[in-house]
Each structure stands twice: as structure tokens, then as C-alpha cells.
Amino acid sequence: MTRVDFHFNAPDKLHYCSRLLRKVFRSGRRAVVHADAATIADLDRLLWTFSALDFIPHVAASDPLAARTPVLLCSEPCETQGIDLLVNLSRSTPSFFSRFERLIEVVGADEDDRASARERWRFYKDRGYAVESFDLAAQ
């Protein structure tokens, strides 16, 4: 069953996600990031520039190089063969989250994002998923 972690109070969801993906990449693992198309485009640009010392290989999940790339970006359900981590930046529950061993929900500090996160939290809990929370403001 998928383990669900909520990382909440992220001051900047995209920068937090970039740092998280850097950690995933350095560990030799792979991840899929799910969000709406505009957010995916913003994250794609940020991953090229957020650190002068790091490069995180990433492509769209539909790209021919996806099978060999550590980080896949998608706004729709995508092929996830061999990937066990899904990072959700969307305000909705990814329909394909149960394919993964672990789901990280990144939640910002604004009230709209927090409200939609509470709905997703209830969704997962009501279905018996183990849900943990991590307050990024406390770090």
C-alpha cells in the first residue's frame, strides 16, 4: 500500500520540490512529479536554473528518454515502470498514485492550497492509507 507523506507550509512549492528532487537524484532513485501543465512548465524551467552547482536530469513523462531519466514530469497519468516515488504539486489527488510505494504531497502556506490538501488527506485516510505530516515551517 502506498505511503503518503504531506510536506506542508512550503514557502515556495517549486523551490522545495527542486531541493527534494535533488535529494532523490543524489540517492540514485527516480521520481515522477505530477502537477497541472503550467506548474510543470515552471518546474521544468526552474530545474535548469535553481542551482549553479547541480543539474537534475528531467524530461516529460512522454519523452522518448523517459525510461532512462531520473525525474519525469507529467500533468496526466503516465507510464511509471520502475519508479516508486510520486511527488504531487497539484491540488487534486493523482488518479494513478496507488502505483507508487510512496507519495509526497507538497503543500504551500496559502489557505486554498491547505484546504485542498485537507480534502486529499481525508481521501487517503478514508481509504486506509498510512498518512504522515511534516511541517516545513518547524524546520
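See the structure shown above.
Residues numbered from 1 in each chain as written. Predicted model: local features only at pLDDT ≥ 70, side-chain atom pairs only at ≥ 80, totals over all residues. Heavy atoms only, no water.

**Describing the nonpolar core**
Phase 1 of the analysis: The biggest cluster of nonpolar side chains holds 24 residues, and the ones touching the most others in it are L21, V33, L43, V87 and L89.
Phase 2 of the analysis: Secondary structure elements with two or more residues in this core: α1 (13-26), β2 (31-34), α2 (37-49), β4 (71-74), β5 (85-88) and β6 (102-108).
Phase 3 of the analysis: A per-element tally of this core places α1 first, with six residues.
Phase 4 of the analysis: Once residues within four sequence positions are removed from consideration, V87 is found in contact with C17, L20, V32, V33, H34, I104 and V106.
Phase 5 of the analysis: Core analysis: the second largest hydrophobic core is formed by 20 residues, I83, F100, V107 and A117 among them. (Core = buried A, V, L, I, M, F, W, Y, C linked by side-chain atoms within 4.5 Å. Buried < 20%, exposed > 50% of the residue type's maximum accessible area, 1.4 Å probe, protein only. Helix = DSSP H or I, 4+ residues; strand = E, 2+ residues; numbered from the N terminus. Contact = heavy atoms within 4.5 Å.)

**A few points about the pattern of salt bridges**
Phase 1 of the analysis: Taken as a whole, this structure holds 11 salt bridges when the rule is applied.
Phase 2 of the analysis: With a shortest N-O distance of 2.9 Å, R3 and D5 are connected by a salt bridge.
Phase 3 of the analysis: Accessibility expressed as a relative area gives 0% for D5, which makes it buried.
Phase 4 of the analysis: Here E105 and R120 are joined by a salt bridge, their closest N and O atoms 2.7 Å apart. With a gap of 15 residues between them, E105 in strand β6 and R120 in helix α3 (residues 111-126) connect regions that are remote in the sequence. (Salt bridge = Lys/Arg side-chain N within 4 Å of Asp/Glu carboxyl O.)

**What to know about the environment of R114**
Phase 1 of the analysis: By secondary structure assignment, the location of R114 is in helix α3.
Phase 2 of the analysis: Judged by its relative accessible area of 25%, R114 falls in the partly exposed class.
Phase 3 of the analysis: Separated by 32 residues in the primary sequence, R114 and G82 have C-alpha atoms spaced 31 Å apart.
Phase 4 of the analysis: Filtering out sequence-adjacent residues up to four positions away, R114 remains in contact with F8, N9, V107, G108 and A109.
Phase 5 of the analysis: Side chain to side chain, R114 and N9 meet in a polar contact 2.7 Å long. (Polar contact = N/O pair within 3.5 Å; in protein donor to acceptor, adjacent residues only side chain to side chain.)

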